[in-house]
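Descriptive analysis of the structure
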Amino acid sequence: MADLDESNLRRYLDEAVSAAHEAGNLMLECFARNDAHTSVEEKASNADLVTKYDRQVEELVLTRLRACAPDFGVVAEETASKEELTDAPTWVVDPIDGTTNFIHRQAECCVLIGLAVRKRAVLGVCFIPKMDELYTAIKGHGAFCNGRRIASSGCKDLTKAMVNLHFPSYSRGPKVLERILGVNHDLLAHPVRAIRSGGSAGVDMMHVARGRLDAYFEVGIYPWDVCAGQIIVEEAGGVCLDTMGGKFDLSSRRVMVASSSELASQLAVHLRRRCYDTLDAENYQCSKEEADLKRRKT
Ligand code: LIP
């Protein structure tokens, strides 16, 4: 196994930052041309989208990461999504997180590069090109935005919190809708200060890390959506947990990040009440065969 001392981690971070910048430039060129919508394909459902830019960015990033650390594993959204996350050092990459926002020319989309060891993030990079914000963290060495140290808000009181949740793209089945509307109801009735809904797990985790949001949670995400964010949030003083309040597992498809453990505990009470942990694809998700058929038709 490669030696992951601090100087090696810094070398990997530099390479990941440089790849993220290059990827971000490609995204900005696409914004300028306004042509992301011309290559949209559906994946598992008609809300799960990919463009040619997701693939181009992934190829660019993985080529660089593989050249710099040839013995590391790779898990990535577009071309290596089926790779299992093992204990070995593994790059975990989402080339464009927030693809739907990207297609609609919203600024809230980013490049995410995480490095996981023993299935925990040890290094993370998030670049949001439209905002020109580069977030970085190495385990034990703090979190930074454009080189300046950042910290979560430290909010401990749910009634003073701005909370972000996403409407799921993996399922709009009746149980999922009931649960998401139920949790919105409970939080508004509690009451929380404000509820927002984003479209990029990575961007919303950066908002929590930077103190612009107090919490974000979602069921249905993948390791590449949250690996880089996990370490950046933790190094900024926030917490990253399971939606039920337990230990975070990169592969569980559940995440809750909060500015403090006190806030996370209060939020988890509401999420447990609404069983905010299971995936229910009823009435919505098409089979892989159907998805392949659709892809061939477009
Ligand atoms: C997105 C996530 C987001 C979720 C979307 C989608 P993608 O990732 O970042 O949190 O709500 O449905 O999964 O597919 O744009 O990389």
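In the annotation of an unreviewed UniProt entry, the entry for the protein reads Inositol-1-monophosphatase, and the organism field reads Durusdinium trenchii. Recorded in UniProt under Pathway (unreviewed entry), the annotation for the protein is "Polyol metabolism; myo-inositol biosynthesis; myo-inositol from D-glucose 6-phosphate: step 2/2." As stated in UniProt under Cofactor (unreviewed entry), the record for the protein gives "Mg(2+)".

Some points on the nonpolar core
If you look at soluble globular proteins, the nonpolar side chains tend to sit buried side by side. Counting residues in each nonpolar core, the largest one holds 40 residues, and the members touching the most others are Val61, Trp91, Phe102, Ile113, Leu123 and Val125. Per-element tally for this core: the top contributor is helix H1 (residues 6-33), with twelve residues. Judged by nonpolar contacts, the second largest core, of 36 residues, contains Cys126, Ala201, Tyr216 and Val233.

Topic: the pairing of strand E14 (residues 254-258)
The buried fraction of E14 is high, at four of five residues. Pairing analysis gives five bridges linking strand E12 (residues 215-219) to E14, with the strands arranged antiparallel. Residue Val219 lies in a different strand from E14, and its bridge partner there is Arg254. Here three bridges tie strand E13 (residues 239-241) to E14, and the two strands are oriented antiparallel to one another. Of the residues in E14, the one forming a bridge with Leu241 is Met256.

Quick word on the packing of aromatic side chains
Inspection of every chain in the model, using the stated rule, returns seven aromatic pairs. Between Tyr12 and Trp91, the ring centres sit 6.0 Å apart and the planes meet at 85°, which makes this aromatic pair edge-to-face. Of the two residues, Tyr12 sits in helix H1 while Trp91 sits in strand E4 (residues 90-97), which places them 79 residues apart along the sequence. Each member of the pair, Tyr12 together with Trp91, is buried. Feature note: the residues Tyr12, Phe72 and Trp91 constitute an aromatic cluster, connected by ring pairs.

Focus on the domain arrangement of the protein
Here the domain parsing of the protein yields domain 1 (2-149) and domain 2 (158-297). Listed as interface residues are 46 residues of domain 1 and, on the opposing side, 32 residues of domain 2. With both sides pooled, the region where domain 1 packs onto domain 2 buries about 3,000 Å², and carbon together with sulfur makes up 60% of that total. Among the residues of domain 1 in contact with domain 2, Arg120, Ala121 and Tyr135 are the three that bury the most area, contributing 18% of the side total.

Comments concerning the confidence of the model for the protein
On average, residues of the protein score 92 in pLDDT, and 93% of them are at 70 or above. With pLDDT under 50 throughout, residues 283-287 is counted as low confidence; its partners more than four residues away or in other chains account for 15 contacts.

As for the side chain of Thr90
On the secondary structure map, Thr90 appears in strand E4. Of the polar contacts made by the side chain of Thr90, one reaches the backbone oxygen of Ala88; its length is 2.8 Å. Excluding its chain neighbours within four sequence positions, the residues that come into contact with Thr90 are Gly73, Val74, Val75, Leu85, Gly114, Leu115 and Ala116.

Here's the deal with the site of the ligand
Close contacts around the ligand come from 14 residues, with Asp97, Gly98, Thr99, Ser169 and Glu218 the closest. Within the backbone of Thr99, one N or O atom sits 2.8 Å away from an oxygen atom of the ligand. At 2.8 Å, a side-chain N or O of His166 approaches an oxygen atom of the ligand. Contributing elements (two or more residues each) for the shell around the ligand: E4 and E12. The greatest single-element share of the shell around the ligand, amounting to three residues, is contributed by E4. Residues of the shell around the ligand, tallied by class, amount to three nonpolar, six polar and five charged. Mapped onto the domain boundaries, the shell around the ligand takes at least three residues apiece from domain 1 (2-149) and domain 2 (158-297).

Some details on the sheet that holds strand E11 (residues 194-196)
Taking strand neighbours across the sheet as the criterion, the five strands line up as E11-E10-E12-E14-E13 in an open arrangement whose pairing is mixed. At either margin of the open sheet sits one strand with a lone partner, and together these are E11 and E13. With strand direction ignored, the average angle separating the axes of adjacent strands in the sheet is 20°. Set on the sheet, helix H7 (residues 261-273) makes contact with strand E10 (162-165), E12, E13 and E14; between it and E14 the angle comes to about 140°.

Definitions and cut-offs
Residues numbered from 1 in each chain as written. Predicted model: local features only at pLDDT ≥ 70, side-chain atom pairs only at ≥ 80, totals over all residues. Heavy atoms only, no water. UniProt positions renumbered as here; feature names shortened; annotations may be inferred. Core = buried A, V, L, I, M, F, W, Y, C linked by side-chain atoms within 4.5 Å. Buried < 20%, exposed > 50% of the residue type's maximum accessible area, 1.4 Å probe, protein only. Helix = DSSP H or I, 4+ residues; strand = E, 2+ residues; numbered from the N terminus. Pairing = 2+ DSSP bridges. Phe/Tyr/Trp six-rings, centres within 6.5 Å; stacked < 30°, edge-to-face > 60°. Domains from an automatic or database assignment. Contact = heavy atoms within 4.5 Å. Buried area = accessible area lost by both parts, 1.4 Å probe. pLDDT = per-residue confidence, 0-100. Polar contact = N/O pair within 3.5 Å; in protein donor to acceptor, adjacent residues only side chain to side chain. Near = heavy atom within 4 Å. Nonpolar A, V, L, I, M, F, W, Y, C, P; charged D, E, K, R; others polar. Axes fitted to C-alpha atoms, helices over the stretch in contact; angles between N-to-C directions.

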